[in-house]
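# Results of the structural survey
Take a look at the letters that make up each chain.
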Amino acid sequence: MKTGKRYAVVQKAICTACGSCADVCPNGAVSILHGCFAQIDISRCAGCGLCARECPAGLIHMEERA
Amino acid sequence: MKQHHWYHYLWLWSLLYFSLGFVHILFAWLGLISFILPLLFALFDGSKGFCNRYCDRGQLLRALGSQAGLSRRHNMPSFLYSRFFRYAFMLFFFAMFGSILWTTWLVAGGSSSLQSEVLLFWSIPLPWVWNLSAGVPLWTAQFAFGLYSLMLTSEILALAAMLWFRPRAWCTFCPMGTLTQGICRLKAAAPHNGTP
């Protein structure tokens, strides 16, 4: 699985766990942890930004990998 | 390309539900499925599995907003997804549901007559002649009118939010979503049996 130069980061404290990010992720890198918030597995994140585009509240942003 | 699953077509249930309601108001009772299933997922699975996959409204918003491209994708004001607004809206929504139950109780007890109309936003009657069968207890029809009003009003709010903001903008302040996330948070925070 190819990872990108960027990865997605979720603001977990205010995430509403709707799951729209998980639904669009092509790599299955996003999961909803215990119905509380979205969690990104950065080892699988391709950095495509689809989840950030789909999050209704705009609570996902992209960061550069170190 | 993301795979399509069977549950991506659950938006058909939304269309069927609202169509059936116009054919016969007692079909509105089927709306209780959307109240009970998310609670069962939250209580027994500790997840928002219903919201994440099986919510017909969520799938309708996805189909219209993302797939059909109808969403303008403006940023939501942070107020709309703040914890204060979400819980206030949930309380308001369930207060309205409580008022439906109260009216149903009054009709069942004979102290109020049947109000055979669907109200949008709790005030605007829909111009439609509703089909009622003889022999059905009046309270069942009263509850159906109330529930259908609530479902239709929230559907319109959800579609408006989808059109102006992002496709699943409604989900950020959906009362059932707020309630089930609250249950999931409580379950996740509770100590598990057998663990120190």
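Residues numbered from 1 in each chain as written. Chains lettered and ligands numbered in written order. Predicted model: local features only at pLDDT ≥ 70, side-chain atom pairs only at ≥ 80, totals over all residues. Heavy atoms only, no water.

### A short note on the UniProt feature "transmembrane region" (unreviewed entry) in chain B
Residues and elements named next belong to chain B. Residues given the UniProt feature "transmembrane region" (unreviewed entry) here are residues 12-44, 84-107 and 145-165. End-to-end, the C-alpha atoms of residues 12-44 are 26 Å apart, and along that stretch the chain is 73% helix and 0% strand. Annotated as 95% helix and 0% strand, the span residues 145-165 places its first and last C-alpha atoms 30 Å apart. (UniProt positions renumbered as here; feature names shortened; annotations may be inferred. Helix = DSSP H or I, 4+ residues; strand = E, 2+ residues; numbered from the N terminus.)

### Structural notes on the packing of helix H1 (residues 11-23) of chain B against helix H6 (residues 138-164) of chain B
Residues and elements named next belong to chain B. Where H1 contacts H6, the axes come no closer than 11 Å and their chain directions differ by 135 degrees. Taken together, the axis directions place H1 and H6 in an arrangement best described as oblique. Like other packed secondary-structure pairs, H1 and H6 cross with a definite hand, here left-handed. Residues Ser14, Tyr17, Phe18, Gly21 and Phe22 of H1 lie in contact with H6, whose contacting residues are Leu147, Tyr148, Met151, Leu152 and Glu155. Its residues placed into classes, the contact of H1 with H6 shows seven nonpolar, two polar and one charged. (Axes fitted to C-alpha atoms, helices over the stretch in contact; angles between N-to-C directions. Parallel < 35°, antiparallel > 145°, perpendicular 65-115°, else oblique. Left-handed = near helix turned anticlockwise from the far one by under 90°. Contact = heavy atoms within 4.5 Å. Nonpolar A, V, L, I, M, F, W, Y, C, P; charged D, E, K, R; others polar.)

### Considering the packing of aromatic side chains
Residue and element names in this part refer to chain B. Under the criterion given, the structure shown has 22 aromatic pairs over all chains. Plain terms: the ring middles of Phe22 and Tyr148 are 5.8 Å apart, the flat faces sit at 85 degrees to each other, and that makes the pair edge-to-face. Separated by 126 residues along the polypeptide, Phe22 in helix H1 and Tyr148 in helix H6 bring together distant segments of the chain. For Phe22, a relative accessible area of 26% gives the class partly exposed. Measuring from ring centre to ring centre gives 5.0 Å for Phe79 and Phe85, while their planes differ by 55 degrees; the resulting arrangement is tilted. A relative accessible area of 47% places Phe79 in the partly exposed class. Note on Phe85: relative accessible area 17%, which makes it buried. Among the aromatic side chains, those forming a connected cluster through ring pairs are Trp29, Phe35, Phe93, Phe94, Phe97, Trp139 and Phe143. (Phe/Tyr/Trp six-rings, centres within 6.5 Å; stacked < 30°, edge-to-face > 60°. Buried < 20%, exposed > 50% of the residue type's maximum accessible area, 1.4 Å probe, protein only.)

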